[in-house]
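Secondary and tertiary structure notes
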Amino acid sequence: MEQQPARRTPPVHVWVDTTMRWGPSSLPGILLTWRRTTPREGVVVWQGLCVFALVPPPRSPGDLVVYQQWVDAAHIQPMAAQDPPRARG
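Notes on the structure follow.

Some words on the sheet that holds strand 3 (residues 46-54)
- With antiparallel pairing, five strands are arranged side by side in an open sheet as 4-3-2-1-5. Each end of this open sheet is capped by a strand with a single partner; those strands are strand 4 (65-72) and strand 5 (76-78). Taking the axes of each pair of neighbouring strands and ignoring which way they run, one obtains an average angle of 40° across the sheet.
- Sheet analysis places strand 1 (residues 12-16) next to strand 5, joined by three bridges and oriented antiparallel. Its bridge partner being in strand 5, valine 14 is matched across the sheet by proline 78.

Have a look at this one:
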């Protein structure tokens, strides 16, 4: 049986980290909605539509880039605390 992401009514604050390092590289974002994708190699993948911002080096606020994109659920964690989550394992 496929596992569904924890149910929360979007929009919710989340951490987004496409590097899977979960730490300083995690970005605060807003989860707008969920979708279930068509199977990839027989596996159904859940994705969240997220909005998040990135300030690329040298970290000048004028260089802010805002993204809105579908992100795999494995790269999204609820923002339960001020600090980003730590890597697992």
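Still more ground to cover, so stick around.
Examining the nonpolar core
- In terms of nonpolar packing, the biggest core is built from nine residues, these being Val12, Val14, Val16, Leu27, Leu31, Cys50, Phe52, Val71 and Ile76.
- Secondary structure elements with two or more residues in this core: strand 1, strand 2 (27-36) and strand 3.
- In terms of residue count, strand 1 provides more of this core than any other element does, three residues in total.
- Not counting the four nearest positions on each side in its chain, valine 71 is found in contact with Val16, Trp46, Gln47, Gly48, Cys50, Phe52 and Ile76.

Topic: the packing of aromatic side chains
- Applying the stated criterion across every chain, the model contains one aromatic pair.
- Between phenylalanine 52 and tyrosine 67 the ring centres are 5.5 Å apart and the planes differ by 20°, which places this aromatic pair in the stacked class. One end of the pair, phenylalanine 52, is in strand 3; the other, tyrosine 67, is in strand 4, and 15 residues separate them in sequence.
- Phenylalanine 52 sits in the buried class, given a relative accessible area of 7%.
- Sitting over the face of the ring of tryptophan 70, arginine 35 holds its NZ or CZ atom 3.9 Å from the ring centroid.

What counts as what
- Within every chain, residues take consecutive numbers counted from 1 along the sequence as written.
- Given that the model is predicted, a residue must reach a pLDDT of at least 70 before its local features are reported, and side-chain atom pairs must reach 80 or more before they are shown or counted; all residues, however, enter totals for whole chains, interfaces and linings.
- Calculation of side-chain values draws on the structure's entire complement of heavy atoms; hydrogens and water are dropped beforehand.
- Between any two strands, pairing holds if DSSP finds at least two bridges.
- Secondary structure elements follow DSSP: runs of H or I no shorter than four residues count as helices, runs of E no shorter than two count as strands, and numbering proceeds from the N terminus.
- Axis geometry follows a simple rule: fit a line to the C-alpha atoms, using only the stretch in contact for helices, then measure angles between N-to-C directions, giving values from 0 to 180 degrees.
- Nine residue types can take part in a nonpolar core, namely buried Ala, Val, Leu, Ile, Met, Phe, Trp, Tyr and Cys, and a core is a set of them joined through side-chain atoms within 4.5 Å.
- Exposure categories follow from relative accessible area, calculated using a 1.4 Å probe and restricted to protein chains: below 20% of the type maximum is buried, above 50% is exposed, and the middle band is partly exposed.
- Should any heavy atoms of two residues lie within 4.5 Å, those residues are considered in contact.
- Between 30 and 60 degrees the pair is tilted, below 30 it is stacked and above 60 it is edge-to-face, where a pair is any two Phe, Tyr or Trp rings, Trp via its six-membered ring, whose centres lie within 6.5 Å.
- Whether a charge sits over a ring comes down to the Lys NZ or Arg CZ being within 6 Å of the ring centre and within 35 degrees of the ring normal.

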